[in-house]
Amino acid sequence: AESVELCIIGAGPAGLSAAIYAGRAGIATKLFGRTPKFAADYEIDNYYGFPETILGRDLHERGLAQAARFGVPAIEEQVLGLHMAEKGFEVVTAKSKVLACAVILATGVARNRPKIAGLSEFEGKGVSYCVTCDGFFFKNKPVVALGEGNYAASQALELLNYTPHVTLCLHGKKSAIDEDFAARLNKAGVVVVEQAVERLEGENGLDRLVFKDGSTLDAHGLFVAMGEASGADFAQSLGLQTSGAYIEVDREQATNIPGIFAAGDCTGGFLQISTAVGEGALAARAAIAYVKKHCR
Ligand code: FAD
């Protein structure tokens, strides 16, 4: 795996602002992220310095170009996992692995929670959002990874470390799993079901999923992994303090784990471009100081 001083996850206003500061400070930085939601034909009317308004798309492109000018181009790869490593942190994408001494999470608003009757009732009693945290409790039990993309596929494969009885459920969505992951699921014997889950049932914990057509599937664990991994998912697998789905940070954007910082919508507060940009700058300042002290 390639080693860097800093990895930024998220290419929205918070991540790009952090990248500009880190790049200018000469920190070896990698940035992963895709086009954020606001970067389309929306007029941004309240961002400082654009009295004529600017389209979200144009503002985003300017930010990308500015970060690239300082040596931090955005790499359009989804991050699937973030783990503690011997020294620093391991960032796993669908295509690569990076070892980073420090990480800034700038992943935007929190996780996708599917609408399934009984979901919150079974949280902690079978429903989980983190295989790294909870997979162990389901040794040799039937489990389901729920989601339509590579994140769910990676969670299903990780579940095989604990049990051979793994099903992947697309929850009624069109599969967005790439060929490589599909081949790995197939080889490992993971069954893929397409139907949407309607409700959960169980006596002293989860026993089964009930699909829209009334059919059932025995499952003691349901690992929710819809869409992309969110800041809340990374927070859970690392043990970051959260408040609801938001990552808790101090005034310097530091989390409770040394070397991990967070900025922008994933930390809650005023969900605006201006605050995301400001928090990205603060997170970079703190990460730059951390890297100089601990990584060189
Ligand atoms: P985001 O901009 O959400 O960026 C998140 C980044 O993280 C993306 O690059 C995404 O691809 C990446 N990411 C997430 N998960 C992963 C993963 N697993 N792997 C890799 N990358 C990942 N605010 C204003 O101030 N003014 C406005 O007029 C305004 N209009 C808006 C209009 C719309 C339609 C929307 C949706 C929002 C609007 N907002 C506006 C809010 C503003 O867009 C957000 O507050 C701001 O973008 C937050 O920035 P962020 O960097 O924290 O997150």
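Please refer to the structure higher up on the page.
An account of the accompanying structure is given in this report.

Parameters at a glance
- Residues numbered from 1 in each chain as written.
- Predicted model: local features only at pLDDT ≥ 70, side-chain atom pairs only at ≥ 80, totals over all residues.
- Heavy atoms only, no water.
- Disulfide = S-S within 2.5 Å.
- Helix = DSSP H or I, 4+ residues; strand = E, 2+ residues; numbered from the N terminus.
- Buried < 20%, exposed > 50% of the residue type's maximum accessible area, 1.4 Å probe, protein only.
- Core = buried A, V, L, I, M, F, W, Y, C linked by side-chain atoms within 4.5 Å.
- Domains from an automatic or database assignment.
- Contact = heavy atoms within 4.5 Å.
- Axes fitted to C-alpha atoms, helices over the stretch in contact; angles between N-to-C directions.
- Parallel < 35°, antiparallel > 145°, perpendicular 65-115°, else oblique.
- Left-handed = near helix turned anticlockwise from the far one by under 90°.
- Nonpolar A, V, L, I, M, F, W, Y, C, P; charged D, E, K, R; others polar.
- Salt bridge = Lys/Arg side-chain N within 4 Å of Asp/Glu carboxyl O.
- Pairing = 2+ DSSP bridges.

The subject of this paragraph is the state of the cysteines. For the structure shown, the criterion picks out two disulfides. Across the disulfide from Cys-101 sits Cys-295; the S-S distance is 1.8 Å. Taking the torsion about the sulfur-sulfur bond, which here is approximately -75°, the covalent link between Cys-101 and Cys-295 counts as left-handed. Placement of Cys-101 in strand 8 (residues 97–105) and of Cys-295 in the segment after helix 7 (273–294) is noted, with a sequence separation of 194 residues between them. You'll find Cys-101 and Cys-295 in the same group, each marked buried. Linked covalently through their sulfurs, Cys-130 and Cys-133 form a disulfide whose S-S length is 2.1 Å. Note on the Cys-130 and Cys-133 pair: the S-S dihedral is about 75°, so by sign convention the disulfide is right-handed. Residue classification places Cys-130 among the buried residues on the basis of a relative accessible area of 2%.

Counting residues in hydrophobic clusters, the biggest one holds 43 residues, and the most contacted among them are Ile-9, Leu-82, Val-91, Val-103, Leu-105 and Leu-168. The dominant element in this core, judged by the number of residues it contributes, is helix 4 (residues 150–159), at six residues. Shared between two domains, this core takes at least three residues from each, and those domains are domain 1 (2–111 + 230–294) and domain 2 (127–224). Apart from the residues within four sequence positions on either side, Val-91 is in contact with Cys-7, Ile-9, Phe-32, Val-79, Gly-81, Leu-82, Ser-96, Lys-97, Val-98 and Val-103. Counting 29 residues, the second largest nonpolar core, distinct from the first, contains Leu-16, Ala-106, Ala-254 and Ala-276.

For the pair helix 1 (residues 13–24) and helix 7, interaxial distance at closest approach is 7 Å and the crossing angle is 40°. Overall, the two elements helix 1 and helix 7 adopt an arrangement that is oblique. Judged by the sense of rotation from one axis to the other, the crossing of helix 1 with helix 7 is right-handed. Residues Pro-13, Ala-14, Ser-17, Ala-18, Tyr-21 and Ala-22 of helix 1 form the contact with helix 7, whose own contacting residues are Ile-273, Ala-276, Val-277, Gly-280, Ala-281, Ala-284 and Ile-288. When the residues that make up the contact of helix 1 with helix 7 are grouped by side-chain class, the tally is eleven nonpolar, two polar and no charged.

Taken as a whole and judged by the stated rule, the model has nine salt bridges. Taking the shortest distance from any N to any O, the salt bridge between Arg-208 and Glu-201 comes out at 2.8 Å. For Arg-208, a relative accessible area of 27% corresponds to the partly exposed category. The class of Glu-201 is partly exposed, set by a relative accessible area of 25%. Sharing partners across several salt bridges, the network here consists of Arg-199, Glu-201 and Arg-208.

Successive residues of a regular strand alternate their side chains across the two faces of the sheet. When you tally the buried positions in strand 7 (residues 89–93), you get four out of five residues, the bulk of the element. By the bridge criterion, five bridges tie strand 6 (residues 79–84) to strand 7 in an arrangement that is antiparallel. Across the sheet, Gly-81 pairs through a bridge with Val-92, a residue of strand 7. The antiparallel pairing of strand 6 with strand 7 creates a hairpin that spans four residues between the two strands, and Gly-88 there sits at a positive phi of about 85°. In terms of strand pairing, strand 7 meets strand 8 through four bridges, oriented antiparallel. Bridge assignment links Val-91 to a residue of strand 8, and that residue is Val-98.

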